[in-house]
Each structure stands twice: as C-alpha cells, then as structure tokens.
Amino acid sequence: MKKANEMTIVEAARALRARAFTVRDLWNATRLVAKEKNDNIFAYLELFDTDDTAIDDAQKRIDTEGDKAPILCGIPIAVKDNILIKGKTASASSKMLENYKASYTATVIEKMRAEGALFLGRTNMDEFAMGSSTETSAFGKTKNPHDTNRVPGGSSGGSAAATSAHMTIASIGSDTGGSIRQPASLTGVVGLKPTYGAVSRYGLMAMGSSLDQVGPLTKTVDDSEILFKALRGRDEKDPTTIPDDLYPKREVNSTLRIGVPRAILEKGVDEDVLNRFNETLEALKLKGHTIVDVSLPTNAYALPIYYIIMPAEASTNFARYDGMRYGLSKHGKTLLDDYIKTRSEGFGPEVQRRILLGAFVLSSGYIDAYYRKAHSARSVLVDEFNNAFEKVDVIATPTSPSPAFRFGEKSNDPVAMYIEDIFTVTANLTGMPAISVPMKMVKRDEKPLPIGIQFTAPHQAEDVLFAVGRAVENTQLD
Ligand code: GLN
C-alpha cells in the first residue's frame, strides 16, 4: 500500500473514512517526510507547528459526518508564500517582507479551512512571483525532486516540488504568466490556472492585477478538480470574482475537438518534448478525440505583450512597498533617500528590473508606443482564441518548451528565462483557464524528467479541462 504522504486527496480522504489511519497519523506522516526532505529539496520556507485543535476538529467531523464530511477534511495542504494566513509570516520570498506577519487571512485559506483542510507550511517561490525557476527567492534554491541539479520551475516552485516529492498531499500557488503550470510541468504534477475571476484573490499579494489567479498543484486531475471547486466562488471582498449563478456546470462531450496551433510549435521546442506532445495527441486520437489545426497568429506576440502589461501592473502594485507602511524600512537623510534605500535593499534584481520596465512603459512619453499598443494587441489575441473556440473545445500546446534546466543555466539571461513562459502567458492575457498534465518523461543526463501538456479552454470551461486532463492520464496507463 502507498504511504499516507504519497496519497492523493481522493485516496487519503477514502483512507481516513475507512479508518486506515487518523487525521493525526496523516498529518504526522506528511509533516515528517516534509521535514526530512526539506534540508535537501527546500520546498518549504517554514513548516507550521501542529495545530491540535484543527486536527481534532477534522477527526471529529469525519467521525460524525463520515462520507458527508467535505473531502478536504483532514487533508494537509502546502501554501505558496504570497498567500496570507493571519499571524503567520508571508514573505513572498523577498527581503522586503522577511519579517512581515499577515494581518488577515486570504479567502482561499478561509474556504479550505471551512472544509477542514490543514496547512503544512509556506512554500518557496521566485521573489514576488517573478521568475520561472524559483532562483530569484531571497532565501535559497528549491531543487527539482527528479534531479536535484535542476530547477523545479517557478514561480510556484516550492509548491510544485513539495507536491511532487510527496512532502504534502497537494498545494496551492498563484499564476500570473504560468507560475502554476510551468513548475507543474517541470516536476511532474498537475497544475491549473483557473478562469480570471473564478477564485478570490483577497489575501493574495497582487502582482499583475489583470492576470493573477490562485490555483491548485496536485498529483492528479481529480484532485485538481476537487481543490478548484473548493477554492472557486464569488467573494464580496474581491469584486473581480464571478457570481456563483454565472458559473454553470458544463455538459462535456465524451469526445473532444482538440485544436493544435502547429505554426507556433515549429520553433524553439525541444525535439523530444515535441515528440511526446505528438505521441500524446496520437493516443488521444485513438480514444476517439479529434485533432484540428488552429491558427493563432498573434500568439507570436504574446510574450512581448505579457512583458509590457505585467511589469506595468507590477510597478503600480509595488508602489505600496515604500518603507513607510509595512515590511522593510530603511532610513536615509531625506524621504527620497528612505524610498531609494528601502527599495534598493528590499527588492532583488528581477523585481527591480520589472519595476523599471513597468515605469518606463507607463511613462508619458512611451505609454502609447508600449502599454496602449500591448493593450490593443491583447484584445486581438482574445478574439483569435474566441474564434478558434468556435471550432474546437480545447487548445493544446506543450506547457513549456523544455524540461527542467540546470541551476544557473538561465538566471543570467532574463530573455532566455522569459521564453519559458511562451505557451503559458496567453491564458493569463485572455483570462481563459488552462491546465498542465504530465506526459511521458524525456531524458537529460540519463535522468528521466517530466514534461507537461497544456490545454486551454474558453472562459469558465474548467470542466472540459478536467475531462481532457483525465483522458491524458488514462493514455499514460496504456
Ligand atoms: N514566469 C512568469 C514571470 O516571471 C510568470 C510569473 C507568474 O506567473 N507569477 O512573470
């Protein structure tokens, strides 16, 4: 039998109800493995102390309600360090917030807590969620459990590594341009970026406000669906959330039309990654799904559009870290000195780069040339996707062009790092949901490494993503 910490949410929930183990056993087993492995993997910045009351309450609920107890009851979950839990440190892996304690709790945490979920700890990430390798964390490198010489992806690299190495049952992260899906791809787990507005962002540290979403990193597609449904919902504290009555359950066809934008896959994708992708599509075709060519010409500009809009929004959001309100506070001779010292010492190089970029593209001389143009191009991209969805149910690409890379390989070349996001940023720009599901492995240095296939669906069509994701999982069993 699988060890408790190796189980999925579905398996652990079943075992708890069958009395194979208690909530405390599950917590202890998972926390112990997390602690033991963390010296090497460094998925967690902090493992939380055992909360006896929460454990006892969850057990009582399972004992009295049995199958009626929420499926997340008693399940340990890891949380990315940009999501607030009142009274606990929330650092976003930045020196700016190293000692910052959250003064309120994020809605996603409240929702999981209401179902009886337990929180294991806060996971490492790229500083303020900027990056694709978790190397920009101010507190150390998270290693890829499949090859510890390699990155776990980012920015939710800690959540991905923790899930992949069974240092948790599941975890949550945030995705502004791929930060759930790309690390999921590189560590071999399932990552979902929900529809913009599906999940409340109250208590998520804002980066690109028109792009950010919270979502699950899980061992299976079933678990992804469970967590998504627990997180989703209208929240009065986040006016961008979609009202519940506007989120109908979709009927999903048993065979799907899968769109493939061949033209954008021609360049820059590793050969074996492309082979795995084609094999996965072939396997889906054998199951009765149809593969359709789609054209998304503006996709070629998605990365430049993203790297204008995202820094613009981040530079605006980050004005709040001024050394006056909270977080790091350094003092110089004048007020301007205070700002400069605080922001120079508190922010790492990637964050500073994005703030400068963002301030530049919004400056009065350049806003028309960059920011406004990017905005127009973004709407063309949305139209192209909407047109493509007239004839297909989902659009497939590899999640990332290559498997996990070595530490240092891209950290001195920002553009090489940005290219990691080439297939993921579109879903954030269009607000559409997208999922990454593991395909068969590829090899680097004789070691098998995971790689994901990404599916994008129309707004609020997560159910279609879960269906196609399960179909991919089934082809892996053949
Ligand atoms: N890697 C992307 C970036 O650096 C995505 C970040 C994210 O989704 N938070 O912007």
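See the structure above.
Draft legend 1. Broad picture of the overall build of the chain. Helix and strand counts for the chain come out as 15 helices and 13 strands. Here the C-alpha coordinates of the chain stretch approximately 65 × 50 × 50 Å along the principal axes. Sorting the 478 residues of the chain into buried and exposed places 58% on the buried side. At a minimum sequence separation of 6, the contacts of the chain that also span at least 24 residues come to 75%. Accessible area for the chain stands at about 18800 Å²; split by element, carbon and sulfur atoms hold 52% of it. When the 58 basic and 61 acidic side-chain charges of the chain are each reduced to a single mean position, those positions are 2 Å apart.

Draft legend 2. A look at the site of the ligand. In the neighbourhood of the ligand, 15 residues make up the surrounding shell, with Thr176, Gly177, Ser179, Tyr306 and Arg354 lying closest. One of the side-chain N or O atoms of Ser179 is found 2.7 Å from an oxygen atom in the ligand. Between an oxygen atom of the ligand and a side-chain N or O atom of Tyr306, the distance comes to 2.7 Å. Across the complex, the protein chains shield 100% of the 290 Å² of accessible surface that the ligand would expose by itself. Tallied by class, residues from the shell around the ligand come to 5 nonpolar, 7 polar and 3 charged.

Draft legend 3. Quick look at the packing of helix α7 (residues 221-231) against helix α15 (residues 462-477). Relative to each other, α7 and α15 sit at 160°, their axes nearing to 9 Å. Regarding the angle of α7 to α15, the classification is roughly antiparallel. Two packed elements cross with a definite hand, and for α7 against α15 that hand is right-handed. Across from Val221, Asp222, Ser224, Glu225, Phe228 and Lys229 in α7, the residues of α15 making contact are Glu462, Asp463, Phe466, Gly469, Arg470 and Glu473. Grouping the amino acids of the contact of α7 with α15 by side-chain chemistry returns 3 nonpolar, 2 polar and 7 charged.

Draft legend 4. Geometry of helix α8 (residues 271-286). Taking 1.5 Å per residue as the helical rise, α8 with its 16 residues ought to reach 22 Å, and the 23 Å between its terminal C-alpha atoms agrees with that figure. Within α8 the residues assigned to the buried category are Val273, Phe277, Thr280, Leu281 and Leu284. Around the axis of α8, the buried residues are gathered within 95° of arc, so they sit on the same side. Opposite the packed face of α8, turned more than 90 degrees from it, sit the exposed residues Glu271 and Leu286. Of the surrounding secondary structure, the elements contacted by the buried residues of α8 are β7 (257-260), β8 (290-293), β9 (394-398), β11 (442-444), β13 (452-456) and α15.

Draft legend 5. Representation of the packing of aromatic side chains in the model. Across all of its chains, the model carries 17 aromatic pairs by this definition. When the centroid spacing of 5.9 Å and the interplanar angle of 50° are considered together, the rings of Phe228 and Phe466 count as tilted. A residue pair is termed long-range when its members are at least 10 positions apart, and Phe228 in helix α7 and Phe466 in helix α15 qualify at 238 residues. On the basis of relative accessible area, Phe228 is assigned to the buried category, the value being 1%. Overall, the relative accessible area of 0% leaves Phe466 in the buried class. With a centroid separation of 5.4 Å and 85° between ring planes, the pair formed by Phe318 and Tyr321 is classed as edge-to-face. The exposure class assigned to Phe318 is buried, which follows from its relative accessible area of 1%. The buried category is assigned to Tyr321, whose relative accessible area is 3%.

Draft legend 6. Here's a closer look at the packing of helix α9 (residues 302-317) against helix α11 (residues 349-362). Relative orientation of the contacting elements α9 and α11 amounts to 100°, with a least axis distance of 7 Å. In terms of orientation, α9 and α11 fall into the roughly perpendicular class. The segment α9 lies against α11, with Tyr307, Ile308, Met310, Pro311, Ala312, Ser315 and Thr316 engaging Arg354, Ile355, Leu357, Gly358, Ala359, Val361 and Leu362.

Draft legend 7. Structural context of the pattern of salt bridges. Inspection of every chain in the model, using the stated rule, returns 30 salt bridges. Salt-bridge contacts for Lys229 lead to Glu225; the nearest nitrogen and oxygen are separated by 2.8 Å. Of the two residues, Lys229 and Glu225 are both situated in helix α7; the distance of 4 residues between them amounts to about one turn of the helix. For Lys249, the salt bridge goes to Asp463, with nearest N and O atoms at 3.9 Å. One end of the pair, Lys249, is in the loop between α7 and β7; the other, Asp463, is in helix α15, with 214 residues separating them in the sequence. Take Asp463: its relative accessible area is 11%, and that puts it in the buried class. What emerges from the salt-bridge pattern is a single network uniting Asp147, Arg150, Arg406, Glu409, Asp445 and Lys447.

Draft legend 8. Fine view of α15. The end-to-end C-alpha distance of α15, which contains 16 residues, comes to 23 Å, matching closely the 22 Å that a straight helix rising 1.5 Å per residue would cover. Buried within α15 are the following residues: Glu462, Asp463, Val464, Leu465, Phe466, Val468, Gly469, Ala471, Val472 and Thr475.

The rules behind these values
- Here the residue index of a chain counts from 1 through its sequence in written order.
- Where local features are concerned, this predicted model is filtered to residues with pLDDT of at least 70; where side-chain atom pairs are given and counted, the filter is 80 or more; whole-chain, interface and lining totals use all residues.
- Derived side-chain values reflect all non-hydrogen atoms in the structure, with water molecules and hydrogen atoms excluded from consideration.
- Note on conventions: DSSP H or I runs of at least 4 residues are helices, E runs of at least 2 residues are strands, and numbering of each starts at the N terminus.
- Partly exposed residues are those whose accessible area sits between 20% and 50% of the maximum for their type, while under 20% is buried and over 50% is exposed, using a 1.4 Å probe and protein chains only.
- A contact between two residues is defined here by any heavy atoms of the two lying within 4.5 Å.
- We get accessible surface area from the Shrake-Rupley algorithm with a probe of 1.4 Å; when it comes to residues, only the shown protein chains can shield them.
- In this tally, Lys and Arg are treated as positive and Asp and Glu as negative; His is ignored, and so are the chain termini.
- Taken as the charge location is NZ of Lys, CZ of Arg, CG of Asp or CD of Glu.
- It suffices for a single heavy atom of a residue to lie within 4 Å of a molecule or strand for the residue to be listed as near it.
- Any pair of nitrogen or oxygen atoms within 3.5 Å is treated as a polar contact; in protein, a donor-acceptor pairing is required on top of that, and neighbouring residues in sequence qualify only through side-chain atoms on both sides.
- Residues are grouped as follows: nonpolar covers Ala, Val, Leu, Ile, Met, Phe, Trp, Tyr, Cys and Pro; charged covers Asp, Glu, Lys and Arg; every other residue, Gly included, is treated as polar.
- Structural elements are reduced to axes, namely lines fitted to C-alpha atoms, with helices fitted over the stretch in contact, and the angle between N-to-C directions of any two is expressed from 0 to 180 degrees.
- Comment on the angle field: the value is read as roughly parallel under 35 degrees, roughly antiparallel over 145, roughly perpendicular from 65 to 115, and oblique elsewhere.
- Definitions for this section: a left-handed crossing has its near helix turned counterclockwise from the far helix by less than a right angle. A right-handed crossing has that turn clockwise.
- For a helix, the expected span equals 1.5 Å multiplied by the number of residues minus one.
- Working note: the arc is built from the helix axis to C-beta atom directions.
- Within 6.5 Å between ring centres, the rings of Phe, Tyr and Trp (the latter by its six-membered ring) count as paired, and their orientation is classed by plane angle as stacked under 30 degrees, edge-to-face over 60, tilted in between.
- A carboxyl oxygen of Asp or Glu within 4 Å of a side-chain nitrogen of Lys or Arg is what we treat as a salt bridge.

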